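Remarks on the overall topology
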Amino acid sequence: MNADLLKDALAGLSAPDKSLPPKWFYDQRGSDLFERITELPEYYPTRTEAAILRDNAADLAGLVPPGGALVELGSGASVKTRILLDAGGHFGAYVPMDISAEFLHATADDLRRRYPALAVHPVVGDFTRPLDLPVAVDGLAKVGFFPGSTIGNLGEEQAVALLRGAAGWSDIRAFVLGVDLVKDPAELIAAYDDAQGVTAAFNLNILSRLNAEVHADFDLPAFRHEARWKADRNRIEMHLVSRCDQGVRLGGTKIRFAKGETIHTESCRKYTTASLSHLAGQSGWRVERMLTDDRERFAVAILRPR
């Protein structure tokens, strides 16, 4: 029984506006599905950000002093990180942080094989909560790395807390942050509701996880995936919509769903130059540079401590 998952699910699904924290997407299957999402034709953020990173790899890797450490939040398969690792032969250490332990350790083992001279120190944990860096990187100059526009999945208070926490790391020199930019809503919705249904499977997998780990009895075909653009908040929302009136058992509690009622599973905020500068300023950083693609769909921001 996953007590933390049950606690979060009961709190979120007992509220008037039902929700689940997106951190619970990422069991092994969820992580695998997300990697498939990043390869979809509709999902522009990954390939656009990767192109920005490749075009600027030497400059970004150069932010890390010789022997310093790159610290990545929500590292996943560390695919984009390898662009910096390939350009950063001078790195002393890499610290990937992720909530999916099995996925994280498999990735860390692969990185050790590919980069035998690099010390890899994985940290299992929820990056929305304070996390201690490994003792092995004490005294090393550090650069934070948070690609993938994952900052947009956080509420403003959470985003500020995360960046403020990183600003408090010892000997922190810079922070490299990937952010998706505001654009045509049709393009945004397509990226979160692909024709192959991979994003739908990813969203529904959180219900499978509840069934497997906390003995819930969700009937997955009784829910459907939906992506919504909220212009007043500059964000895409992902929902699971109940197809009928139904009840679900969760840890001994009966949760009622009306037909059309939704579970809000994720928000993906999109930024402008002004809103990113505001977020950085609230968090103890300043935006030194914003690197974008030629269509200005995505940005990799270099933040410096204020």
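Read on for a plain summary of the structure. Remember, predicted model here, so these are calculated numbers, not experimental data.

Next up on the list: the packing of aromatic side chains. A complete count under the given rule lists 12 aromatic pairs for this structure. Ring plane angle 45 degrees and centroid distance 5.9 Å describe the contact between phenylalanine 34 and phenylalanine 202, whose orientation is recorded as tilted. Highlighted residues: phenylalanine 34 in helix H2 (residues 28-37) and phenylalanine 202 in helix H9 (residues 198-214), separated in sequence by 168 residues. On the basis of relative accessibility, which here comes to 23%, the residue phenylalanine 34 falls in the partly exposed class. Relative accessible area serves as the criterion here: at 3%, phenylalanine 202 is assigned to the buried category. With a centroid separation of 6.0 Å and 75 degrees between ring planes, the pair formed by tyrosine 43 and tyrosine 192 is classed as edge-to-face.

In this section: the sheet that holds strand E8 (residues 235-242). Taken together, the 3 strands give an open sheet; going across it, the order is E7-E8-E11, and neighbouring strands pair in antiparallel fashion. Since the sheet does not close on itself, it has two edges, and those belong to strand E7 (223-230) and strand E11 (262-269), each with one partner. Pairwise comparison of adjacent strand axes, ignoring direction, gives a mean angle of 20 degrees for this sheet. The pairing of E7 with E8 spans 8 bridges and is antiparallel. Bridge assignment links tryptophan 229 to a residue of E8, and that residue is isoleucine 236.

Their axes nearest at 10 Å, the elements helix H1 (residues 3-13) and H9 cross at an angle of 125 degrees. Comparing their axes, H9 and H1 come out oblique. When the axes of H1 and H9 are compared, the crossing they make is left-handed. Residues Leu5, Leu6 and Ala9 of H1 lie in contact with H9, whose contacting residues are Arg209, Leu210, Glu213 and Val214. Classifying every residue of the contact of H1 with H9 gives 5 nonpolar, no polar and 2 charged.

So, about the pairing of strand E5 (residues 142-146). Walk down a regular strand and you will see the side chains alternate between the two sheet faces. Burial of E5 is extensive: 5 of the 5 residues sit out of reach of the surface. Burial along E5 is two-sided: Lys142, Gly144 and Phe146 and Val143 and Phe145, pointing in opposite directions, are all buried. Here 4 bridges tie strand E1 (residues 69-73) to E5, and the two strands are oriented parallel to one another. Bridged to alanine 69 within E5 is lysine 142. Sheet topology places E5 next to strand E6 (residues 172-180); 5 bridges connect them, and they run parallel. If you follow phenylalanine 146 over to E6, its bridge partner there is leucine 177. Of the crossover connections in this fold, the one passing from E5 over helix H7 (residues 156-167) to the parallel E6 is right-handed.

Residues Leu207, Leu210, Phe218, Phe223, Leu250 and Ile263 are the most contacted members of the largest nonpolar core, which totals 37 residues. It is H9 that contributes the most residues to this core, 7 residues altogether. Grouped together as the second largest cluster of nonpolar side chains are 32 residues, Ala93, Leu154, Phe175 and Ala280 included.

This part covers helix H6 (residues 101-114). Given a rise of 1.5 Å per residue, 14 residues ought to cover 20 Å, and the 20 Å separating the end C-alpha atoms of H6 matches this to within 8%. Looking at H6, one finds that the buried residues are Phe103, Leu104, Thr107, Ala108, Asp110 and Leu111. End-on, the buried residues of H6 take up no more than an arc of 165 degrees, which puts them together on one face. Among the exposed residues of H6, those oriented more than 90 degrees off its buried face are Glu102 and Arg113. Summarising the contacts, the buried residues of H6 are in contact with H2, helix H5 (81-87), strand E2 (93-98), strand E3 (119-120) and strand E4 (123-124).

Residues Gln246, Val248 and Leu250 line the buried face of strand E9 (residues 246-250), whereas the alternating positions Gly247 and Arg249 sit on a face that is not buried. What sits between the antiparallel neighbours E9 and strand E10 (residues 253-257) is a turn of 2 residues, in which glycine 251 has the positive phi angle 55 degrees.

On the secondary structure map, alanine 299 appears in strand E13 (residues 298-305). Using a relative accessible area of 0% as the deciding quantity, one classes alanine 299 as buried. Along the backbone, alanine 299 and arginine 289 are 10 residues apart, and their C-alpha atoms lie at a distance of 9.6 Å. Those residues in contact with alanine 299, other than ones at most four positions away along the chain, are Ile52, Leu177, Gly178, Val179, Leu181, Met290, Leu291 and Thr292.

Excluding glycine, most residues fall at negative phi; most peptide bonds, likewise, are trans. Residues other than glycine seldom take positive phi values, yet serine 149 does so here, at roughly 60 degrees. By the element assignment, serine 149 lies in the loop between E5 and H7. Residue classification places serine 149 among the buried positions, given a relative accessible area of 6%. Although it is not a glycine, asparagine 234 adopts a positive phi angle of roughly 50 degrees. Structurally, asparagine 234 can be placed in the loop between E7 and E8.

Cut-offs used in this document
- Residues numbered from 1 in each chain as written.
- Predicted model: local features only at pLDDT ≥ 70, side-chain atom pairs only at ≥ 80, totals over all residues.
- Heavy atoms only, no water.
- Phe/Tyr/Trp six-rings, centres within 6.5 Å; stacked < 30°, edge-to-face > 60°.
- Helix = DSSP H or I, 4+ residues; strand = E, 2+ residues; numbered from the N terminus.
- Buried < 20%, exposed > 50% of the residue type's maximum accessible area, 1.4 Å probe, protein only.
- Pairing = 2+ DSSP bridges.
- Axes fitted to C-alpha atoms, helices over the stretch in contact; angles between N-to-C directions.
- Parallel < 35°, antiparallel > 145°, perpendicular 65-115°, else oblique.
- Left-handed = near helix turned anticlockwise from the far one by under 90°.
- Contact = heavy atoms within 4.5 Å.
- Nonpolar A, V, L, I, M, F, W, Y, C, P; charged D, E, K, R; others polar.
- Right-handed = clockwise from strand over helix to strand, strands pointing away.
- Core = buried A, V, L, I, M, F, W, Y, C linked by side-chain atoms within 4.5 Å.
- Expected span 1.5 Å × (residues − 1).
- Arc of directions from axis to C-beta.

That's the geometry; what it means functionally is another story.
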